[in-house]
Each structure stands twice: as structure tokens, then as C-alpha cells.
Amino acid sequence: MKVNHLTFLLLFSFFSTSLLSQTNILVDSVSLKTQNTKSLSSNKLKTASVLLNGDTLFTVSHESSQVLATSRAKQISDRLAIITKGYKEGVDSIYQIRENGFISTMYDEEYAFITTERDAINNDLTLEELANIQMEDFVIKLRKNSKSHLTTKQWLIRIGYFILSLLGLFILFRLIRLFFKWINAHLSKVEGKFLQKKNNFLKYFIPKKTKNIFVFISNMVRLIITVFILIAYTPFMFSFFPWAEDLATSFYAATLTPIKFLFFGFINFLPDLIFIIVVIYIARYIVRILRYMAEDIEAEKLVIKKFSKDLAGTTQKIFSIIIYAFALVIVIPHLPGSASPAFQGVTIFLGALVSFGSTSAIANIVAGLVITYMRPYQIGDRVKIQNTVGDVIEKTLLITRIRTLKNEEVTIPNSNIITSHLVNYSANTKNDGLILHTDVTIGYDISWEKVEKLLLEAASKTLDIQKEPKPFVLQTSLDDNYVSYELNAYTKEAKKMPKIYSEMHRNILELFNDAGVEILSPSYIAARDGNLTTVPSQLDSNSRSPIDKIVDHLTGKNQKNVITKSSADIESDDIS
């Protein structure tokens, strides 16, 4: 079989290229082959070279147009440069697919190039022969350019670079250690006395056993520098090995990706951040104005008609909450990730948690608002809430705190106050006065005129009882054995109620005792010790009942002890 000149030159160029590559002489073998082919082929056949990493892979031809041949070669070269950029032997697969009138050479799932029937005719080869030659040249060039195929010398050079870089890292860490040791030696002379100062929040961010904050900061800086050097330097060391090149690239990408994300995310967030700051500043400014107004109203420097100064503080808090809530509604859409399903889910969860978990708190707040604007009591008032009597010392939206007469502090939720009765002893004290009242029961044998006179006299002798309006007495009931009398007296000292009651009762006891009036019901006689009265000034030997006197006579309790002597005793006395 006659060998065609073109086929001979093609095979010769292939072997020449392999030989020159081993001797590191960069000669484009296929380009030489193309030049020879051009000189031997007809002038009508126009060819162009397909390049792979700067070296000619094969040529494509066109019968009449050099532009079409060059354009096709350029398209194939560009495609090969893209799809073979990360070639890995044993991982990437190269194979052929037979089509109708052409054969496609595939690189993994991508089309590398196509060999047509016209290409085979131009090279005086069959389609399968030309396609196999081009695919073999393609594989050889990929293996040649792959970094995984290193000579022993190249491996030794790269290992040497790795050792040098490792030594450099050791020296760098040694220098850093010596440098910070020198710095700490100077900083250790500086005592951290400011850690003992009040309102120093920096002490919460350092270990408790740290004696010198400057040394601690120095050690933290050293740790940060060490970690940064390890992150930046370790991938560089392993990049000398082909198998670790992709690992180093991936490591840098994984490290820089979050940093880039945070940086550019912050840059993109700046307009929203400025908007949020402006909204918060305006909200705080309005709240500050309301606070100043509330303080002036409470100090009576600002007077608003039909608006009590006691309502200023609570009203200011309500408006402040509304303003901050409105500002929050405006700010939330501008927060990063506010439109994400995760953010919305967390928001809904927190809302449900607050709704179900703060039912009693909300009830207390609503009750606190009702109490604030109903004004049933004020700070300092003497009140009785349920069974607790004391002075109001604090009133908030959630609770009311009372100091009892025994100096005890009792905290009562506002919801309990709104659902129970409340007695305010101080509400009308300054105007009309508070009426203090006490009951006594006197038998029917004492005239009501005498009882009322004694009760009114006892009230008049009591301090802090008002002369006007005058005290008065009411007969509240006519029972079987006694009459109930109620003494009523006015006072403007509600907080002295226990003392006033004590003095009033003492005066009643003294006056009724002096008058011989018993402050006990007649039915109490059955429980007495035999005396007809319990009034101390009326007790004597004749006040006992007849039955008790008979019992005393029979038992000898009312007889004197008389000692009589017998005749024997008399005689013995005479003898002695």
C-alpha cells in the first residue's frame, strides 16, 4: 500500500514532538508538519492549527477559505482551554461517540472536538483512523501538561520547597514568640488597677485570675496573629504538591468566601443601617421630649387642664412603648435576612411564646392602666386591699407595693386589685375627714343618755379627734340582753388610726369605770367568779351573789380561823 506524504509527515511530527519534549526543547512539531503539508499539498487546501496550552494539537482544513479554517480552529482551541483546565488523570474520561458522518471526541460530558468525513478525506485517512489519531494526540498532550506527572527531580525540588517553607514557618513563630515575650516583660510592670474601678465592664470579658489586662490583651493579639498565619501559610506550603493544589485553592476559597460575604454584605447593608440609626435616633428624641414633659408636669412646672400630674409618668411610659413599637415595625424590614423564612418563623415563634407565656403579665398591665386612670389611690395613701392595710409606696403597671402597719412590704398584682374591693382611708381625709367608729354593748339597766354622754366625753379627750364636725353616737341594735352603741368621731390623721383607736378605747374604759358602768353584756354573768360586777371600782365583799355567799359559809371560806387550847396544853404551858 502506497504511503501518503501527509500521513507520513503527521506520524513523523508526532514522534519528533515527543522527542523534543523530553529534551526540553520547545518545538511545535505539528506546526512544522503543517508547513511541510502546505508545501506538498495543493494550494487550494487551507489549514489552521488547533492549540492546547500553546502547543499545536492537530490541524483542521478547508478547501477554499482560510478564514473558515482559522475560525473553526480557534473555536476548538478555546473550548479545549476551558474544559481541560482542571484535568486529572484517572478521574476525567476521554472517549468517542460515532455519529452520522462524523465522530465526536468527548471530555467527560463535554464535546472536545469533532472529526468529519471531509477531514478524513483531506488527510487521506478513514474517519476512524483520523479520529483515533487526534484523540491519542489529545490524551498525550493532556498527560504532558498535567502536573501530576512530575519527574523525580521535580518531586525533589518541590519537597525541598516544602521543607524550606516549613522551616520559615518555624522561624516566624519563633520570632513572634520572642517579640511578644519582650512586650509582655514590659507590660507586666503595668498593674491593672483600673480593673478595680466601678462600672468597668471590661473586667467581665477577661478571666478572673488575670492580674494584668495589658498582658492578657497582648496574648490575645499573639493568638490571633498565630491563627491568621496558620490559615494563610499552611495552604501555601502544601501547594507545592500537585495533589494538594486543589485542596489549597478550596481552602482559600472556603476561608475568603465568608469574609467576602460579610464585607460586601456590610457594604450593601450600609444604607439600611443608616436608615435604622436615623429611625432609632428620632424615636429616642421623641421619647426624651415626652420624659421631660412628664417631669415638668409632675413638678407642676407644666399644667394641662383636666390632666392630673399623677398620670404623667404612666402616660409617658405608654406613649414611649407605642413609639418604640412603631419604630421597630419600621426597622424590621431593613434588617438583614428579615425576608427569609427562618427569620419569619423565629418571629412567629417568639410572638406565640410571648402571647401564651405572658397572659397574667398582660392582665396585670391592663389592670395597671385601669387603676392609673381610675385613680382609686395614690402614692402615700392609707388603703385596705383585700385583708392588707397599709400605705402605698409604689405603683407600676404590673404591681402595687404596700407597707403595712407592722412595717412589712406587701406586693399585690394589679389584676388582684381590680377584681377585689379596695378601701382608701386617705381619699377624703383632707376635705371632710375620716370617721373612726367603735362599738360598745351596755345593759338595759343603764340609761342611753348616760352612755352617750360618757362616749362623747371619751371622744373629746382623744387627741387628733376633730371638734367640728362633732362626734356622735348611734344605737345600732337592741339585742336580747344589751344595747349596742357606736361612737363616731372625725379625724384628718388617717395614718394615726391605730394610735387614735387605742387612746379612744382607753378613755372609754376609764370614764365608764369611774361612772360604775359595766361594758359587758348581762349574759356574761354566768361566766363570772361570783361577783355581781366586773367594774374594778365597784368590786367589794358585798358584791357577790347570794348563792356564792351560802357556798362560802358552808365551806368555811367566810369564817375566821380560831385556835382553842386544851387543859393539858394549858398545864404544860404553866410548867414551862
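Structural data are supplied above this passage.
Please read these numbers as outputs of a predicted model, since none were measured by experiment.

A. Region of interest: the nonpolar core. Among the nonpolar cores identified, the biggest contains 25 residues, and Ile442, Val451, Leu455, Tyr485, Leu487, Ile508 and Phe512 are the most heavily contacted of them. Considering every element that reaches this core, the biggest residue donor is helix α14 (residues 497-515), with six residues. Not counting chain neighbours up to four residues away, the residues in contact with leucine 455 comprise Val440, Val473, Tyr485, Leu487, Ile508 and Phe512. Counting residues in hydrophobic clusters, the runner-up holds 19 residues, among them Ala73, Ile76, Leu80 and Ile83.

B. Structural detail: the environment of isoleucine 282. Position of isoleucine 282 relative to the elements: it lies in helix α8 (residues 242-298). Overall, the relative accessible area of 45% leaves isoleucine 282 in the partly exposed class. Expressed as a C-alpha distance, the spacing of isoleucine 282 and isoleucine 323, which sit 41 residues apart in the sequence, is 9.8 Å.

C. Spatial organisation of unusual backbone geometry. That bond from glutamate 468 to proline 469 is cis: its omega, -10°, falls within 30 degrees of zero. Its place among the elements puts proline 469 in the loop between α13 (448-460) and β12 (472-478). Phi at arginine 375 takes a positive value of approximately 55°, unusual for a residue other than glycine. Along the polypeptide, arginine 375 turns up in the loop between α11 (359-374) and β6 (382-385). Phi angles above zero are rare outside glycine, and asparagine 407 is one such case at about 65°. The topology assignment puts asparagine 407 in the loop between β8 (399-404) and β9 (409-413).

D. Here's a closer look at helix α3 (residues 66-83). With 18 residues, α3 ought to run about 26 Å at 1.5 Å a step, and its terminal C-alpha atoms sit 26 Å apart, in line with that. Every buried residue belonging to α3 is among Ala69, Ala73, Ile76, Ser77, Leu80 and Ile83, and all of these are buried. Here the buried residues of α3 occupy an arc of 140° about the axis, which is enough to place them on one side. Within α3, the exposed residues directed more than 90 degrees away from the buried face are Val67, Lys74 and Ile82.

E. How the structure looks around the packing of aromatic side chains. Inspection of the entire model under this criterion finds six aromatic pairs. Measuring from centroid to centroid gives 5.6 Å for phenylalanine 113 and phenylalanine 138, while their planes differ by 80°, and the two rings are edge-to-face. Taken together, the residues phenylalanine 113 in strand β5 (residues 110-116) and phenylalanine 138 in helix α5 (residues 127-145) connect sequence positions 25 residues apart. The exposure class of phenylalanine 113 is buried, given its relative accessible area of 0%. Taken together, Phe58, Tyr107, Phe113 and Phe138 form an aromatic cluster joined through their ring pairs.

F. How the structure looks around the sheet that holds strand β3 (residues 94-98). Strand order in the open sheet formed by three strands is β3-β4-β5, and the pairing between neighbours is antiparallel. Taken across any chain shown, the strands that pair with only one partner, and hence form the sheet edges, are β3 and β5. Within the sheet, the average angular offset between the axes of one strand and its neighbour, ignoring direction, is 25°. Of the pairings in the sheet, the one linking strand β4 (residues 102-107) to β5 comprises six bridges and is antiparallel in character.

G. Focus on the pattern of salt bridges. Scanning all chains against the criterion turns up seven salt bridges. Its salt-bridge partner being aspartate 119, residue arginine 72 comes within 2.8 Å of it at the nearest N-O pair. In this pair, arginine 72 is assigned in helix α3 and aspartate 119 in helix α4 (residues 117-122), connecting sequence segments 47 residues apart. Judged by relative accessible area, arginine 72 falls into the partly exposed class, the value being 24%. Residue glutamate 409 is joined to arginine 403 by a salt bridge in which the shortest nitrogen-to-oxygen separation is 3.5 Å.

H. Quick look at the sheet that holds β8. Here five strands make up an open sheet; going across it, the order is β9-β8-β7-β6-β10 and the pairing antiparallel. With one partner strand each, in any of the chains shown, β9 and β10 (422-424) form the two edges of the open sheet. Neighbour-to-neighbour, the strand axes of the sheet open up by a mean angle of 40°, direction not taken into account. Of the strand pairs in this sheet, β6 and β10 are connected by three bridges, and their pairing is antiparallel. Of the residues in β10, the one forming a bridge with lysine 384 is valine 423.

I. Quick peek at a nonpolar patch on the surface. On the surface, Ile274, Val278, Tyr281, Ile282, Tyr285, Ile286, Ile289, Met293, Leu302 and Ile304 cluster together into a nonpolar patch covering about 890 Å² of accessible area. Along the polypeptide, isoleucine 286 turns up in helix α8.

J. Quick peek at the pairing of β9. Alignment of β8 against β9, held across five bridges, turns out to be antiparallel. The residue bridging arginine 403 from the neighbouring strand is glutamate 409, located in β9. Following β8, the chain reverses through four residues before pairing antiparallel with β9; asparagine 407 in that reversal takes a positive phi of roughly 65°.

K. Structural context of the pairing of strand β13 (residues 483-491). Counted residue by residue, β13 has nine buried out of nine residues, so it is predominantly covered. Pairing of strand β11 (residues 434-442) with β13 involves nine bridges; the strand directions are antiparallel. Bridge assignment links isoleucine 442 to a residue of β13, and that residue is valine 483. In this sheet, β13 lies alongside β12 in antiparallel orientation, the contact comprising six bridges. Following the sheet pairing, glutamine 475 is matched in β13 by tyrosine 485. Taking the residues between adjacent antiparallel strands as the criterion, β12 and β13 are bridged by four residues.

L. Broad picture of the side chain of serine 484. Examined against the element boundaries, serine 484 turns out to sit in strand β13. The contact partners of serine 484, leaving out residues within four places of it in the chain, are Val440, Thr441, Leu474, Gln475, Thr476, Ser477 and Asp479.

M. Up close: the packing of helix α9 (residues 312-331) against α11. Running from N to C, α9 and α11 cross one another at 140°; their axes reach a closest spacing of 10 Å. It follows that α9 is oblique to α11 by the angle criterion. Considering how the two elements wind past one another, α9 and α11 form a crossing that is left-handed. Counting all contacts with α9, which are made through Thr314, Thr315 and Ile318, the residues of α11 involved are Leu369, Thr372 and Tyr373. Class assignment of the residues belonging to the contact of α9 with α11 gives a composition of three nonpolar, three polar and no charged.

N. Representation of a positive patch on the surface within the structure. On the surface, Arg174, Arg177, Lys181 and Arg222 cluster together into a patch of positive charge. Top contributing element to the positive patch by residue count: helix α6 (residues 152-187), with three residues. Considering the arrangement of structural elements, one finds arginine 177 in helix α6. Residue class for arginine 177 comes out partly exposed when judged on its relative accessible area of 37%.

Parameters at a glance
- Residues numbered from 1 in each chain as written.
- Predicted model: local features only at pLDDT ≥ 70, side-chain atom pairs only at ≥ 80, totals over all residues.
- Heavy atoms only, no water.
- Core = buried A, V, L, I, M, F, W, Y, C linked by side-chain atoms within 4.5 Å.
- Buried < 20%, exposed > 50% of the residue type's maximum accessible area, 1.4 Å probe, protein only.
- Helix = DSSP H or I, 4+ residues; strand = E, 2+ residues; numbered from the N terminus.
- Contact = heavy atoms within 4.5 Å.
- Expected span 1.5 Å × (residues − 1).
- Arc of directions from axis to C-beta.
- Phe/Tyr/Trp six-rings, centres within 6.5 Å; stacked < 30°, edge-to-face > 60°.
- Pairing = 2+ DSSP bridges.
- Axes fitted to C-alpha atoms, helices over the stretch in contact; angles between N-to-C directions.
- Salt bridge = Lys/Arg side-chain N within 4 Å of Asp/Glu carboxyl O.
- Patch = residues over 30% accessible without salt bridge, like charges linked within 9 Å, V, L, I, M, F, W, Y side chains within 5 Å.
- Areas by Shrake-Rupley, 256 points an atom, 1.4 Å probe, with all protein chains shown as cover.
- Parallel < 35°, antiparallel > 145°, perpendicular 65-115°, else oblique.
- Left-handed = near helix turned anticlockwise from the far one by under 90°.
- Nonpolar A, V, L, I, M, F, W, Y, C, P; charged D, E, K, R; others polar.
- Lys, Arg positive; Asp, Glu negative; His and termini not counted.
- Charge placed at Lys NZ, Arg CZ, Asp CG, Glu CD.

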